[in-house]
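Architecture at a glance
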Amino acid sequence: MGYYTPSRLGDYLQCPLKYRFAYLDKIKKEGEGIEAFVGTCVHSALERMLVLKKEYGREPSYELAEELYLKAWDESYHPGVIIRRPDLTPEDYKRRGLMMLRNYFEIEAGQEFGRLTDLEKRLNFHLGENSIGGKIDRVHRDGNAIHIIDYKTAKNPMSQSEADSNMQLALYELGIREEFPDIEAVELHWYMLGHSEVVTSIRDEEARMRLFLNRGGNIRTLQIILGHSSLATTEKYLLITDRDVAVAMRGY
Ligand SMILES: [Mn+2]
């Protein structure tokens, strides 16, 4: 029995040693990279802006987002913020965040997701004997469809195939489907704020499960993470077929 979040599982899949250092040995990282700091300020500004919309009917605008972002920046900037690139200053990074907010409005102009139901929605659900937790930036409901939106502030945009095999939002989808069993469609949208692009992924049942097999072999990794003693248990929980396992195991 364990508690996992998509980012923890992502760390494990990226590098088991990283996972060990961070979550088992609990080695604290010194400081905070400024890229992460910018990302936090951008997320916080967008969240506050949409709370004002949802609860007070105030219309979102770039000016409002900028005001909230600069406020978040000033309130939370701290001496532990690390700039690794000698050619860049805090002002450069601050401007980069403003650029992401402009990109946000460009992306947003083309979207119609129906009613905004949740911001920073907390999720907790069971996968096998384990619990998965996480937080979704934004959730909309449009009839029998739910849209899950995640803002990404990373430098490299995600390709369609990376989006289709991404674990984070797929786990969120499992959680959302558990909470709203009547839902027909779940669409996953990533706003690539560094690039003014949106990447959308819609997974059918098979695709949802295939993502766990992500480039072959992760079914074994997941079995280990989830602590299942037999692969059959993992298969059962992930509703995958023998054929998928056979394909995955070919990677070994
Ligand atoms: Mn996000």
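Coordinates for the structure precede this section.
For the rest of this paragraph, the subject is helix α7 (residues 167-179). Counted at 1.5 Å a residue, the expected span for α7 with its 13 residues is 18 Å, and the 19 Å between its end C-alpha atoms agrees. Of the positions making up α7, those classed as buried are Leu169, Ala170, Leu171, Tyr172, Glu173, Gly175 and Ile176.

Turning next to helix α3 (residues 34-56). In this model, α3 (23 residues) spans 32 Å end to end at C-alpha, consistent with the 33 Å of a helix rising 1.5 Å per residue. All of the buried residues in α3 are Ile34, Phe37, Val38, Cys41, Val42, His43, Ala45, Leu46 and Met49. The elements touched by buried residues of α3 are β2 (32-33), α4 (62-76), β3 (81-82), α5 (90-109), β5 (130-142) and β6 (145-152). Positive backbone phi, at 70°, marks glycine 57, one or two positions downstream of α3.

Let's shift gears to the packing of α4 against α5. Axis separation between α4 and α5 bottoms out at 10 Å; the angle between their running directions is 150°. Compared by their axis directions, α4 and α5 come out roughly antiparallel. Of the two elements, α4 crosses α5, and the hand of that crossing is right-handed. Contacts between α4 and α5 involve Tyr62, Ala65, Glu66, Tyr69 and Trp73 from the first element and Lys94, Gly97, Leu98, Leu101, Arg102 and Phe105 from the second. Tallied by class, residues from the contact of α4 with α5 come to 7 nonpolar, 1 polar and 3 charged.

Ranked by size, the top nonpolar core spans 36 residues in total, and within it Cys41, Val42, Ala45, Tyr69 and Ile148 carry the most contacts. When residues of this core are traced back to their parent elements, those giving at least two are α3, α4, α5, β5, β6, α7 and β7 (185-192). A total of 8 residues in this core trace back to one element, the largest contributor, which is α3. When residues of this core are assigned to domains, at least three map to each of domain 1 (3-22 + 113-203) and domain 2 (32-109). Beyond its immediate stretch of four places on either side in the chain, alanine 45 contacts Ala65, Leu68, Tyr69, Ala72 and Leu101.

Right, let's get into the packing of α3 against α4. The geometry of α3 relative to α4 is characterised by a closest axis approach of 8 Å and an angle of 130° between their N-to-C directions. Comparing their axes, α4 and α3 come out oblique. By crossing handedness, the relation of α3 to α4 is classed as right-handed. Residues Cys41, Val42, Ser44, Ala45, Leu46, Arg48 and Met49 of α3 touch α4, and the partners they reach there are Leu64, Ala65, Leu68, Tyr69, Ala72, Trp73 and Ser76. Here the contact of α3 with α4 is built from residues that sort into 11 nonpolar, 2 polar and 1 charged.

Glancing now at the pairing of strand β8 (residues 197-202). Here β7 runs beside β8; their pairing, made up of 6 bridges, is antiparallel. Considered in β8, the bridge of methionine 192 is made with glutamate 197. Between β7 and β8, which follow one another and run antiparallel, lie 4 residues, and serine 196 among them has a positive phi close to 55°.

Rules of the game
- Once a new chain begins, its residue numbering starts again from 1 and follows that chain's sequence as written.
- Per-residue local features of the predicted model are confined to residues with pLDDT of at least 70, and side-chain atom pairs are confined, for both listing and counting, to 80 or more; whole-chain, interface and lining totals are unaffected and use all residues.
- Think of it this way: any DSSP run of H or I at least four residues long counts as a helix, any run of E at least two long counts as a strand, and we number them from the N terminus.
- Expected helix span is taken as 1.5 Å per residue step, with the number of steps being one fewer than the number of residues.
- Counting other C-beta atoms within 10 Å of its own, a residue is labelled buried from 20 upward, exposed at 12 or fewer, and partly exposed in the gap between, with every C-beta atom placed from the backbone.
- Distance between backbone-placed C-beta atoms decides contact: two residues are in contact if it is within 7 Å.
- Axes here mean lines fitted to C-alpha atoms, for a helix over just the part in contact, with angles spanning 0 to 180 degrees between N-to-C directions.
- Convention used here: angles under 35 degrees read as roughly parallel, angles over 145 as roughly antiparallel, angles from 65 to 115 as roughly perpendicular, and any remaining angle as oblique.
- Crossings are assigned a handedness: left-handed for a near helix turned anticlockwise from the far helix by less than a right angle, right-handed for a clockwise turn.
- Any residue that is not Ala, Val, Leu, Ile, Met, Phe, Trp, Tyr, Cys, Pro, Asp, Glu, Lys or Arg is counted as polar, Gly included; the first ten are nonpolar and the last four charged.
- Under the definition applied here, buried Ala, Val, Leu, Ile, Met, Phe, Trp, Tyr and Cys residues are grouped into a nonpolar core through C-beta atoms within 7 Å.
- Segmentation into domains, and thus their bounds, comes from an automatic or database assignment.
- DSSP bridges decide pairing: two strands pair if at least two such bridges lie between them.

The values are spatial; any link to function lies outside them.
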